[in-house]
Amino acid sequence: MSLCSHEHHNALHGVHDHPNIDARLAEAEQLCASSGARLTPLRKEVLQLILNAAGPIGAYDLLAQIKSASDRPAAPPTVYRSLDFLLEKGLIHRLTSINAYIPCCHPREGHQAAFLICTECHVVKEASAQGLLQQLDQLAASDQFTAHHSIIEISGKCQQCTHK
């Protein structure tokens, strides 16, 4: 299932280039329901904030937005549980190098991607990391090392910031 309204077949693309938030939320609900999970109101709100963000967003920024937008109290553990759920379902990605979250363009559990992160304008682009992960698995196997998780993040300057 792809929440993209256009096809880019794992080509490099911006993670915030998918404007139809309502359709993405509806498809996220369907994805959760098909796996027997529930997109609770808080999980949906956290996902919506990530989808609406102009760039990567941190957990405490999410918490501040939730507190300012509603009367209900939101504590860090509840936001982190929602983030963990969304990560597990493959609806979002966590960028460890900047400790922030972005929407996933191809939601599914176990999906691995590579990210280009601009350190100036904070634009993030995503592409499939399948080929890279196969190479990393071969490298690990050559030393009889068992890899559990790989994160591929490349920081630098995007084309627009380089040519300013």
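Summarised in this report is the structure supplied together with it.

The rules behind the values
Residues take numbers from 1 onward in each chain, read along the sequence in its written order. Thresholds applied to this predicted model are a pLDDT of at least 70 for local features of residues and 80 or more for the giving and counting of side-chain atom pairs; totals over whole chains, interfaces and linings are not thresholded and use all residues. For the side-chain quantities, the full set of heavy atoms in the structure was used; hydrogens and water were omitted. Whether a residue is buried, partly exposed or exposed follows from its accessible area with a 1.4 Å probe, protein chains only, as a fraction of its type maximum: under 20%, in between, or over 50%, in that order. Under the DSSP-based scheme used, a helix requires at least four consecutive residues in state H or I and a strand at least two consecutive residues in state E, with every element numbered from the N terminus. One bridge is not enough; two strands pair if DSSP finds at least two bridges between them. Only protein atoms enter the 1 Å grid used here, on which a cavity is any set of points holding a 1.4 Å probe that cannot leave and a pocket is any open set flanked by protein within 12 Å on both sides along at least five of seven lines; residues with an atom within 4 Å of a point are listed as lining. Grid points are joined across faces, edges and corners, and a volume is the space filled by probe spheres set on the points. Lys, Arg, Asp and Glu make up the charged group, whereas Ala, Val, Leu, Ile, Met, Phe, Trp, Tyr, Cys and Pro make up the nonpolar group; the residues left over, Gly among them, are polar. What we call a nonpolar core is a set of buried Ala, Val, Leu, Ile, Met, Phe, Trp, Tyr and Cys residues that are connected through their side-chain atoms within 4.5 Å.

**Examining the pairing of strand S4 (residues 113-118)**
Consecutive side chains along a regular strand alternate between the two faces of the sheet. With respect to burial, S4 is a largely interior element, five of its six residues being buried. Strand direction decides the pairing type here: S4 and strand S5 (residues 124-128), joined by five bridges, are antiparallel. Residue pairing for S5: Ile 117 is matched across the bridge by Val 124. Counted along the chain from S4 to the antiparallel partner S5, the turn is five residues long, and its residue His 122 has a positive phi close to 65 degrees. Alignment of S4 against strand S6 (residues 152-156), held across five bridges, turns out to be parallel. Bridging from a neighbouring strand, Cys 118 pairs with Gly 156 of S6.

**A look at the layout of surface pockets**
Taking a probe equal in size to a water molecule and rolling it over the atoms shows the remaining empty space. For the second largest pocket, the calculated volume is near 180 Å³. For the lining of the second largest pocket, the elements supplying multiple residues, two or more each, are S4, S6 and helix H6 (159-162). Of the residues assigned to the lining of the second largest pocket, the class counts are six nonpolar, four polar and two charged.

**A closer look at the nonpolar core**
Counting 27 residues, the largest nonpolar core has Val 46, Leu 47, Ile 50, Leu 62, Leu 83 and Leu 86 as its most contacted members. Elements supplying a minimum of two residues to this core: helix H1 (21-34), helix H2 (41-52), helix H3 (59-69) and helix H4 (76-88). The element best represented in this core is H2, accounting for six residues.

As far as function goes, none of this settles anything; it's purely spatial.
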